[in-house]
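Inside the fold
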Amino acid sequence: VVGGDETPVEPYIILNNITDPCLKKLIESLQNSNKLTNSIGAILQNVFGKNERLNLTFNQDNNLNNNGVRLNGKSIPPDNGNYEIKLNALSLSKYSQERQTLTIMHEILHNYFWASYNNINGLQKNNHHTNMLENYIEIMASSIEDLFHNLKSNDDVTLALCFDDFFVSVDWPEPNKTIDR
């Protein structure tokens, strides 16, 4: 009850509507991670899990695409304090749990940027990836290592996984997605 009236207090909401049990568990791992050692988990818990104005919902959409190109995940711009992450369990199922978790982290960061910067100083959606690469790649790497201890022995592999997450998320024409060896 708020202020003596009968209005119930709204809970701080992080809603996990994912039906795929493996993907659902990966989100729960971030929600329950140690906030002192997992920065992305801390963002999830401290921004969306403790602020009554910011609600985050994870929804599953196995037909998620952009102009016919299948997407692994997508963040929906906020509507009146309601943030949404859509995940394609079908397309993500071909990746390791570590790689799936990086996609979840990536989408959490999109929502964090919207919540924190509110497009101040030109940090529009198209600059989110630049901000992630310049300021959050090491944070993503240490956060994924916190959840998957097997990655701690080889930082180069962890960083490669993080960069791969960005590589497949950027909407480049296919000829530009080749890597010269």
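Residues numbered from 1 in each chain as written. Predicted model: local features only at pLDDT ≥ 70, side-chain atom pairs only at ≥ 80, totals over all residues. Heavy atoms only, no water.

Concerning the packing of aromatic side chains
This is how it is decided: To pair, rings of Phe, Tyr and Trp, with the six-membered ring standing in for Trp, must have centres within 6.5 Å; the planes then decide the type, stacked if under 30 degrees apart, edge-to-face if over 60, and tilted in the middle. A run of H or I in DSSP becomes a helix once it reaches four residues, and a run of E becomes a strand once it reaches two; helices and strands are each numbered from the N terminus. Residue burial is assigned from relative accessible area. The probe radius is 1.4 Å, only protein chains are included, and a residue is buried under 20% of its type maximum, exposed over 50%, and partly exposed in between.
Here the structure, examined in full by the defined rule, presents 4 aromatic pairs. Between phenylalanine 48 and tyrosine 83, the aromatic rings sit 5.3 Å apart at their centres with planes inclined by 65°, giving edge-to-face as the arrangement. Highlighted residues: phenylalanine 48 in helix α2 (residues 39-48) and tyrosine 83 in strand β6 (residues 82-87), separated in sequence by 35 residues. Both residues of the pair, phenylalanine 48 and tyrosine 83, belong to the buried class. Both rings, one in tyrosine 112 and one in tyrosine 136, keep their centres 6.4 Å apart while their planes meet at 75°; by these two values the pair is edge-to-face. Highlighted residues: tyrosine 112 in helix α4 (residues 97-117) and tyrosine 136 in helix α5 (residues 125-147), separated in sequence by 24 residues. For the residue pair tyrosine 112 and tyrosine 136, the accessibility class agrees, reading buried in each case.

Regarding the environment of serine 39
Stated formally: Any two residues whose heavy atoms approach within 4.5 Å are treated as being in contact.
For serine 39, the location among the structural elements is in helix α2. Here the alpha-carbon distance between serine 39 and alanine 141, two residues 102 residues apart in the chain, equals 9.9 Å. The residues touching serine 39, leaving out its near neighbours within four places in the chain, are Ile139 and Ser143.

Observations regarding the packing of helix α1 (residues 21-31) against α4
Our working rule: As a rule, the C-alpha atoms of each element are fitted with a line to give its axis, helices using only the stretch in contact, and angles between N-to-C directions run from 0 to 180 degrees. Roughly parallel covers angles under 35 degrees, roughly antiparallel covers those over 145, roughly perpendicular covers 65 to 115, and oblique covers all other angles. Handedness of a crossing follows from how the near helix is turned relative to the far one, being left-handed for an anticlockwise turn of less than a right angle and right-handed for a clockwise one. Residues are grouped as follows: nonpolar covers Ala, Val, Leu, Ile, Met, Phe, Trp, Tyr, Cys and Pro; charged covers Asp, Glu, Lys and Arg; every other residue, Gly included, is treated as polar.
Contact pair α1 / α4: the axes reach a minimum separation of 10 Å and the direction vectors enclose 60°. The orientation of α1 with respect to α4, classified from their angle, is oblique. As for the relative orientation of α1 and α4, their crossing is right-handed in sense. On the side of α1, the interface is formed by Leu23, Leu26, Ile27 and Leu30, while α4 contributes Gln97, Gln100, Thr101, Ile104, Met105 and Ile108. Considered class by class, the residues forming the contact of α1 with α4 number 7 nonpolar, 3 polar and no charged.

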